[in-house]
Structures are given as C-alpha cells and as structure tokens.
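Spelled out, the chains give:
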Amino acid sequence: MSSLSKSAKFPLFILMLNLFIALLGQGMVIPILPEYLKQFNAAGAAAGYLIAAFGAAQFIFSPIGGQLSDRLGRKPMLIAGLLLTVISDLMFAVGDTLSILYIARFIGGIGVGIMVPANMAYVADMTTPDTRAKGMGYLGASMNLGMVLGPGLGGLIAELGIRIPYFFAGGLGFVAMLLCFFMPETLPQEMRAAARARDQREPVTGMIRNSFRTSYFQYLLLILIITFGLMNYETVYALFVEQKYGYDAAQISVLITVGAVIGIIVQVWLLDRVIKRLGEMKLIRISLVMTAAALLLMLVTVNLGYLLLVSGLFFAFNAFLRPTLSTIIANAAGDRQGYAAGLSTTYTSIGSILGPVIAGQLFDWHIHMPYILGAGILASALFLTVHAPKTHQKRTAAHD
C-alpha cells in the first residue's frame, strides 16, 4: 500500500494536531467532573444528564454538519466546530447554575457533531483509496492519544483550582481553531456548488431514513454495533474489575491506559500493513470474532497479567475496526464524503447513547451480563459482512 503523498502529510499533521489538542482538552475535564458538580450540590444524576445532553446534540447535528461540509467546505466546519467547543468549555468554567452547564454541554456536543464529520471528510479528500486506511488510522490515534493524556493532565491542573482545567481546555481548543486557518481547503469550489445544487437540506430524520438506501448502510450498522460493544466494555469496566478482582483506582487506570496505548500503536503502525495483507473485509471479520472472544474471556478470573492481556486483545482488534469501516464508507461515498461522515458519526452516537444505558442496567442484574450481551452482538454482526457490495469485494480481493 503506497505511502501518503508529501502534499497530504502536512495538512494531515495539522489535522491530527488539532484533534489531539481538542480531545486533550475534552479529556482533561473528565476526572474533575464529580468534584466540580459538588459546587452545585449535584452528583451522579446530573453527570448522567450532562453526558446525555452532549450525546443528544452530537446525534442531532452530526448529519447536518456532514451535509454542510459538502456544501460549504471542510475548513469552515472545522473552525466552527472548534469555536463551539471553546465556548462550551468557557461557559462550563464560569457557569454558576446547572442549567448553564447543560447548555454548555449541548453546545459542546454541537461543536463535536459538526467537527468530526468534517475531519473524516478532510482525510478522505486528501487520500487515495490505497492510502485512506492509513489516514483514518492516524486520525483515530491522535484522538485516542488526546483522550488518554487528558485525564492525567486535568487532574494535575485541577490542583490550581477546580475551574482551571475548563479554562485550560478552552485555551487549547482556541489554539486548535487557529491552526485550522493554516490548513488548505480540500473540497474544490465546483464540488461545493454541485452539492448545493444537488442536495436540498434534509431534516435529521430524513437523512437517517435515506441512509437505509445507501450502498454502505450495512457498514453504518457495523459502526453502531462496534460502538455499542465498546461502550458495553468501557461503561462498567471499572466497576467490573473492582468487584471481580478487587483492584483499586490506580490499577484500573493502568489497565485502561495500557489498552488505549495498544490501540494507538495498532492504528499508527499496524493497521495499514494488516489491511495490505488481509484486505478490509477479512480484517473486519477477524476483528469482530476477536473482540467478542475478548469480552467472554473477561469473565474468567486469573490475575493482573491475564487481565492486561485480555484488555489489550480487545483494544487492539477494536482499533482495527473503526478506521477500516470508515475507509470502506469513504470509498463508497463518492463526492458525498461529508454526508457519509456525518451519518457515520450519527450511528456512532446511537451506539454511545444505547451502550451505557443498557450496560448499566445489565450490570445491576449480573456483572457478567454486559460482556455476554456485547460478545453476542459483536459475533452476530458477522452476518453483515457476508454479502459485501461488489466494489468492496473486489477491493478486498485485490489485497489477498
């Protein structure tokens, strides 16, 4: 598989840096949220509603953001999305009522909702079908790295004051927004004009209905399923490990960090090579089987080394799935990269909303149930890969 061209490397580096900075800022605020909410005499329920507000906004605005990136260009949507995350962080920093915090999180969800599809479309614009998986892998790795490093940095900065990390996150987002001005626009003016002439503004419900008729609908379903499986894994992971193994917060943090680092290594150094050797469809099938197996292996109690191995196995093959699916969707989208990326983010949001709710309920029933259900759903998703569209079959065969 050929390497990225020199002309694509610089804007991709800036895009990765932008995403890393933006997600670093978002990750910083996670560990201090419970303590921060104590100022408002609020706790778990408020945290849940804040997460729901963010997810709901992302669900509603991702398809709109994707469509607008086809009509207006990638760069304006990147800048607008980052600006909204900055506003969200600063509102959170100065907010003195819970209602302001809810509004702030909703605005932040809008920002991410319109930014992520533009990011994915930007990568699709400046890569070829042969280099697209590598570009998507780098994109995912930069986001993961920001989320891995963010919580630790947020905890350190919080020593200066509980509101300081939110100001710091806003500052990082502002820097990321400024960096966008140095990036070239990848969507030609004539293609933007064609999109405006071709596409009427669709409501979100209409776009989701129309997604059923796209050539890549089965891969959108797979995006939803793997997100659901990941959220089943992550939502109750700390509680599961604490109850089953008796590990404390420090040991759990090590487990999560090691798993995330494994995912980054896979997306940066292994993804491109493995796709070249196996092809997209074969890699997706193997990854579905291995992630399902890893969830079931979680039910066996051994020791810390075993748990590290199983967690690493899950994170590694999960890291193969998302960029590979994003690559297939981008290759099938033609000149509607933003539209497809917006739908992909929307289906991700559905999985992110359903996963935690169902996992929490199942965990209260029995601590094994979230992993059993997640494994079953991931394994059953194999049927979605049986009848791949011909273009995808040909591309996979070309790698074999």
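Fair warning: this is a prediction, and the values are worked out from it, not measured in the lab. (Residues numbered from 1 in each chain as written. Predicted model: local features only at pLDDT ≥ 70, side-chain atom pairs only at ≥ 80, totals over all residues. Heavy atoms only, no water.)

Caption draft 1: Region of the structure containing the overall build of the protein. Scanning the protein from N- to C-terminus turns up 17 helices and zero strands. On C-alpha atoms alone, the protein measures out to a radius of gyration of 20 Å, which is about the 21 Å that the 2.2 N^0.38 rule sets for 400 residues. With respect to the three principal axes, the spread of C-alpha positions in the protein is 55 × 45 × 40 Å. Within the protein, the proportion of its 400 residues that are buried is 55%. Considering only contacts within the protein whose residues lie at least 6 apart along the sequence, 86% involve residues at least 24 apart. Separation of charge centres in the protein, based on 27 positive and 19 negative side chains, amounts to 9 Å. (Helix = DSSP H or I, 4+ residues; strand = E, 2+ residues; numbered from the N terminus. Rg over C-alpha atoms; globule rule 2.2 N^0.38 Å. Buried < 20%, exposed > 50% of the residue type's maximum accessible area, 1.4 Å probe, protein only. Contact = heavy atoms within 4.5 Å. Lys, Arg positive; Asp, Glu negative; His and termini not counted. Charge placed at Lys NZ, Arg CZ, Asp CG, Glu CD.)

Caption draft 2: Quick peek at a nonpolar patch on the surface. A contiguous nonpolar patch, built from Leu90, Val94, Leu160, Ile164 and Phe167 and spanning about 460 Å² of accessible area, is present on the exposed surface. Along the chain, the position of Val94 falls in helix H4 (residues 74-94). Judged by relative accessible area, which is 54%, Val94 ranks as exposed. (Patch = residues over 30% accessible without salt bridge, like charges linked within 9 Å, V, L, I, M, F, W, Y side chains within 5 Å. Areas by Shrake-Rupley, 256 points an atom, 1.4 Å probe, with all protein chains shown as cover. Salt bridge = Lys/Arg side-chain N within 4 Å of Asp/Glu carboxyl O.)

Caption draft 3: Spatial organisation of the pattern of salt bridges. Counted under the stated rule, the structure contains three salt bridges. The salt bridge involving Arg74 is made with Asp70; its shortest N-O contact spans 2.8 Å. Comparing Arg74 with Asp70, the two get one shared label, buried. Where Arg74 meets Asp125, a salt bridge forms, and the shortest distance between an N and an O atom there is 2.6 Å. Taken together, the residues Arg74 in helix H4 and Asp125 in helix H5 (residues 98-125) connect sequence positions 51 residues apart.

Caption draft 4: Region of interest: the environment of Ala104. Of note, Ala104 is situated in helix H5. When its relative accessible area of 0% is taken as the criterion, Ala104 is described as buried. The spatial distance from the C-alpha of Ala104 to the C-alpha of Arg322 is 28 Å, given a sequence separation of 218 residues. Once residues lying within four places of it in the same chain are set aside, the contact partners of Ala104 are Ser88, Met91 and Phe92.

Caption draft 5: Inspection of the packing of aromatic side chains at higher detail. Using the criterion set out here, one finds 15 aromatic pairs in the structure. Aromatic pair Phe212 and Phe217: ring centres 5.1 Å apart, planes at 65 degrees, arrangement edge-to-face. On the basis of relative accessibility, which here comes to 47%, the residue Phe212 falls in the partly exposed class. Relative to Tyr347, the ring of Phe217 lies with its centre 6.4 Å away and its plane at 75 degrees, an arrangement referred to as edge-to-face. (Phe/Tyr/Trp six-rings, centres within 6.5 Å; stacked < 30°, edge-to-face > 60°.)

Caption draft 6: Structural context of the side chain of Ser326. With respect to the helices and strands, the residue Ser326 is situated in helix H14 (residues 304-333). With residues near it in sequence (within four places) discarded, Ser326 still touches Met120 and Met136.

Caption draft 7: Quick look at H14. Between its first and last C-alpha atoms H14 spans 44 Å; for 30 residues at 1.5 Å apiece the expected length is 44 Å, and the two agree. Within H14, 22 of the 30 residues are buried, which leaves it mostly tucked inside the rest of the structure. In this structure Asn303 caps H14, since a side-chain oxygen of it lies 3.2 Å from the backbone nitrogen of Gly305. With its phi angle positive at about 65 degrees, Gly334 sits one or two positions after the end of H14. (Expected span 1.5 Å × (residues − 1). Polar contact = N/O pair within 3.5 Å; in protein donor to acceptor, adjacent residues only side chain to side chain.)

Caption draft 8: A look at the environment of Gly111. Considering the arrangement of structural elements, one finds Gly111 in helix H5. C-alpha separation for the pair Gly111 and Ser88, spaced 23 residues apart in sequence, amounts to 8.6 Å. When near neighbours in sequence (up to four residues on either side) are disregarded, Gly111 contacts Gly81, Leu84 and Thr85.

Caption draft 9: Local environment of the nonpolar core. Counting 90 residues, the largest nonpolar core has Tyr237, Val241 and Tyr371 as the members making the most contacts within it. No other element matches H14, which puts eleven residues into this core. When residues of this core are assigned to domains, at least three map to each of domain 1 (1-200) and domain 2 (202-389). In this structure, Tyr237 is in contact with Ile252, Leu255, Ile256, Met298, Leu307, Ser311 and Tyr371, ignoring residues within four places of it in sequence. One finds Ala46, Ala93, Ala158 and Tyr166 within the second-largest nonpolar core, a separate group that totals 17 residues. (Core = buried A, V, L, I, M, F, W, Y, C linked by side-chain atoms within 4.5 Å. Domains from an automatic or database assignment.)

Caption draft 10: Just the domain arrangement of the protein, in detail. When its domains are assigned, the protein resolves into domain 1 (1-200) and domain 2 (202-389). Of the residues lining the interface, 37 residues belong to domain 1; the matching set on domain 2 comes to 31 residues. When domain 1 packs against domain 2, the two sides together hide about 2900 Å² of surface, and 66% of this comes from carbon and sulfur. Applying the counting rule to domain 1 against domain 2 returns one salt bridge. (Buried area = accessible area lost by both parts, 1.4 Å probe.)

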